[in-house]
Amino acid sequence: MPNRRNLFFFYKETEELREKVEPLKELASKYDFHVVDDPKDASIIASIGGDGSFLQAVRKTGFREDCLYVGISTGELGFYCDFHIDNLPEMVENILSEGIEVRRYPTIEVNVNDESSFFCLNECTIRSSIIKTLVMNVHVEDFHFETFRGDGLIVSTPTGSTAYSKSVSGAVVDPKLACMQVSEIASLNNNHYRTLGSPFLLSDERTLSLEVVQDGNDYPIIGIDNEALSIQHAKKLTIRIPDKRIKTVKLKDNSFWHKVQRSFL
Ligand code: NAP
Ligand code: MN
């Protein structure tokens, strides 16, 4: 177990960011944190950038449960970032006054073709990669629930509910509920093809499986958060909610619902 005060900064190595991160590193050392060069040695991983960078920080460091992830924004304060890089005094004050708590965000685990598994913090998407509909059999556990025909499906975590899922009219879900939300992207609905037509939530005791019908559109694009999977021939996705939670800092008076209000209202 790495030292509790070992801190790794995750950011895109650009001139501009490097300049901004330098004072952060100095500040960290001043307050007795050890800045480490390898995320494996860290117990705190600070992502610098936006929500997209935070997703990458978590993915590239392996969705660690023994780590505290901290989002430091360089633009607007998003959903995974509680701090702003231009407001260092606030950051220090909050750490010193113990004005921070830890929150735990549920993830989803996606298994492809009964072989490789991946974690997601926002969502997994499966979409047609050609100008032709994609057909999938949707199972809830062993039960054949519906046959989907359309552009694709989004399976979102609660924290992902404010991202892609929301763009297709998904509900915003409290991250205190460990669940997954399944939403359609342009389903075909007529006398031949019928899907539920609204998003639905599955509990953490359910397993969802999506089987791609092999009818000539057999190479869908699979997205895990902000990365495309390189597996081309995905025939079956099995999705469940693992015990794995991502720990991040929470400032007082900055709950998920404060963020929702700040971003959308
Ligand atoms: P991007 O295209 O730059 O992201 C789109 C926007 O989504 C950015 O403003 C990003 O914030 C924001 N975002 C990311 N996670 C969010 C969350 N949990 N709640 C609210 N907003 C969130 O790509 P990216 O920054 O790498 O983010 C990847 C995410 O984009 C994917 O996981 C997916 O959810 C989303 N996406 C949305 C659509 C759509 O709405 N049609 C299509 C594709 C992907 P930052 O600017 O702070 O990074
Ligand atoms: Mn982004």
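Residues numbered from 1 in each chain as written. Chains lettered and ligands numbered in written order. Predicted model: local features only at pLDDT ≥ 70, side-chain atom pairs only at ≥ 80, totals over all residues. Heavy atoms only, no water.

## Remarks on the pairing of strand β14 (residues 208–212)
Burial analysis of β14 places four of its five residues in the buried class, the great majority of the element. In this structure, strand β10 (residues 134–140) lies alongside β14, joined through five bridges in antiparallel fashion. Within the sheet, the bridge partner assigned to V138 lies in β14 and is L210. (Buried < 20%, exposed > 50% of the residue type's maximum accessible area, 1.4 Å probe, protein only. Helix = DSSP H or I, 4+ residues; strand = E, 2+ residues; numbered from the N terminus. Pairing = 2+ DSSP bridges.)

## Digging into the site of ligand 1
Neighbouring residues of ligand 1: 15 residues in total, closest D51, E123, T162, S167 and N226. The contact in question runs from an oxygen atom of ligand 1 to an N or O atom on the side chain of N226, over 2.8 Å. A total of 820 Å² of accessible area belongs to ligand 1 in isolation, and the protein chains cover 57% of it. Looking at the shell around ligand 1, the elements with two or more residues in it are α2 (51–60) and α4 (164–167). Considering every element that reaches the shell around ligand 1, the biggest residue donor is α2, with three residues. (Near = heavy atom within 4 Å. Polar contact = N/O pair within 3.5 Å; in protein donor to acceptor, adjacent residues only side chain to side chain. Areas by Shrake-Rupley, 256 points an atom, 1.4 Å probe, with all protein chains shown as cover.)

## Notes on the pattern of salt bridges
With the rule as written, the count across this model stands at eleven salt bridges. A salt bridge links K236 to D114, with the shortest nitrogen-to-oxygen separation between them at 3.6 Å. Of this pair, K236 sits in strand β17 (residues 236–240) while D114 sits in the loop between β7 (108–112) and β8 (116–120); the two residues are 122 residues apart in sequence, bridging distant segments of the chain. Among the residues examined, K236 registers a relative accessible area of 25% and is labelled partly exposed. It is possible to trace a salt-bridge network through shared partners that takes in E13, E15 and R18. (Salt bridge = Lys/Arg side-chain N within 4 Å of Asp/Glu carboxyl O.)

Worth remembering: the numbers are spatial, not functional.
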